[in-house]
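Here is how the chains run, residue by residue.
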Amino acid sequence: MQYLVYRTIIGITLILLTAFSAVANPLSLKSDYYNPLDLKLEFGLNGGYTSNLLTINDSSDVEDSYTTSSVKLIFYPVSSMEVILFGDYTYYSQQYNLNSLSKGIAFTFIPTKEHSQFSAYLSGGFSGQTYKDNLNAYNNNNFNLLASLGYNLSRTFSLRTGMLLESNSYLYSDVSDNDSYEIFAGTNFTLFGSNSIDIEGGYSSKKFSYIPDTTGRMDLGLTGSFDVYHTRGDLNSFYLSPRFSRPIGSKTGLNLTFHHREFLNADNAVVLGSAVNFISPWGNIFEGQSYTISLKTIIIPKMIISSGLGYWKKAFLKTMVITDYAIRFAEKRYDEQNRFFVILERPIYFKSGGALKPKLQIDLTHNNTTTRSMFNYYDYSGFSINASLTYEL
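Because the structure is a prediction, the values reported are computed rather than measured.

Topic: the side chain of serine 158
Logical step 1: Counting through the fold element by element, serine 158 comes out in strand S7 (residues 157-170).
Logical step 2: Excluding its chain neighbours within four sequence positions, the residues that come into contact with serine 158 are Tyr151, Asn152, Leu153, Gly186, Thr187 and Asn188.

Written as structure tokens, this is what we have:
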């Protein structure tokens, strides 16, 4: 562990030294590059360490350091549309199997005028992620499309509605495939000067694969795979999320958010936990409440500091963690989670039009399960530190 920590600290230090050297001589990166097509290039280098690589799943305490190299090409075919071509490669220093390559395309289209009472927004993207041969079963493609309409009743009151479509498709198995849609509506208004209140609610439906709770004992020896016990169905839910924001002085902003999600038809669905060597993507889908508070300030000149803390109360789908029992013994898992984070950013802008954006983020997480000992390995604490350096040309 000490070797990983030292290696990560050295990598983060090099990233920050690069940023600080640019601060000392910002014109050293000045370029006379002529850009007739309004093209932008963005290069990124991201390095970090986490004490629990599978924090979202259990207390396996798989620690590792990692680096991600990325590139983006951004262009504007018309003034109302942005198109991004991107690719990145993530390398883990010990868990080599998790090394992966991602690439894709994304767009944003805003056809309405800036000061129009009506607003329209359309965005979408397609991406693919590939792993090495021994993990190629997790190779997947992702698609998303978001469309929304808004109307400003006044300078301080607006309404919006929209729909989100998402699809996650695994190339070698359809058990983990996820197709979903979400319909949402919301409002934003200002009270007593600078107090902003945003309220949004929505309904979502996911096509997912699960094991019915009427299934008997699973026998992996006879079938060779848990896939044969799965069936397809719909997981429906609704959510409500009010948010309160206001400035504190001239350089600091406060944000308070509450989020509630509730399943409508998940009582008979069972998913497999990581203890049976099958990390189901549905094992991280939960209902419940969260309370978060965050601050963002520019009180230190030329630096952006963000910090926050949150509390989550989660109820997961029925989870089977021991295959020696019949599926009917599966039960819901209830977790309580606390998280604290701080983010330091020091963007540097050049006369040439480019920008260098160093960023440092530290996260602390503690998770506690309140159900019986079957789930006690979901009690964990996690620490991660991440530094990134992005150059925009």
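Side note on the nonpolar core
Logical step 1: By size, the foremost hydrophobic cluster in this structure holds nine residues: Phe208, Tyr210, Leu235, Phe263, Ala266, Ala269, Val271, Trp282 and Leu317.
Logical step 2: When contributions to this core are tallied by element, the ones reaching two or more residues are strand S9 (195-212) and strand S12 (269-272).
Logical step 3: Apart from residues no more than four positions distant in its own chain, tryptophan 282 is found in contact with Val175, Ser176, Asp177, Asn178, Lys206, Lys207, Phe208, Ser209, Val271 and Leu317.
Logical step 4: Grouped together as the second largest cluster of nonpolar side chains are eight residues, Tyr229, Val270, Met320 and Ile327 included.

A short note on unusual backbone geometry
Logical step 1: The phi torsion at phenylalanine 192 lies on the positive side, around 50°, for a residue other than glycine.
Logical step 2: Topologically, phenylalanine 192 is positioned in the loop between strand S8 (178-191) and S9.
Logical step 3: A positive phi is found at lysine 302, a non-glycine position, where the angle reads about 65°.
Logical step 4: Of note, lysine 302 is situated in the loop between strand S13 (286-297) and strand S14 (304-316).

Considering the pattern of salt bridges
If charged atoms from side chains of opposite charge come close, those side chains can pair.
Logical step 1: Following the criterion strictly, the structure yields eleven salt bridges and no others.
Logical step 2: Residue lysine 72 pairs with glutamate 42 through a salt bridge whose shortest N-O separation is 3.8 Å. With lysine 72 in strand S2 (residues 64-75) and glutamate 42 in strand S1 (residues 40-50), this pair connects stretches of sequence that are 30 residues apart.
Logical step 3: Since its relative accessible area comes to 32%, lysine 72 is described here as partly exposed.

How each quantity is defined
Residues numbered from 1 in each chain as written. Predicted model: local features only at pLDDT ≥ 70, side-chain atom pairs only at ≥ 80, totals over all residues. Heavy atoms only, no water. Helix = DSSP H or I, 4+ residues; strand = E, 2+ residues; numbered from the N terminus. Contact = heavy atoms within 4.5 Å. Core = buried A, V, L, I, M, F, W, Y, C linked by side-chain atoms within 4.5 Å. Buried < 20%, exposed > 50% of the residue type's maximum accessible area, 1.4 Å probe, protein only. Salt bridge = Lys/Arg side-chain N within 4 Å of Asp/Glu carboxyl O.

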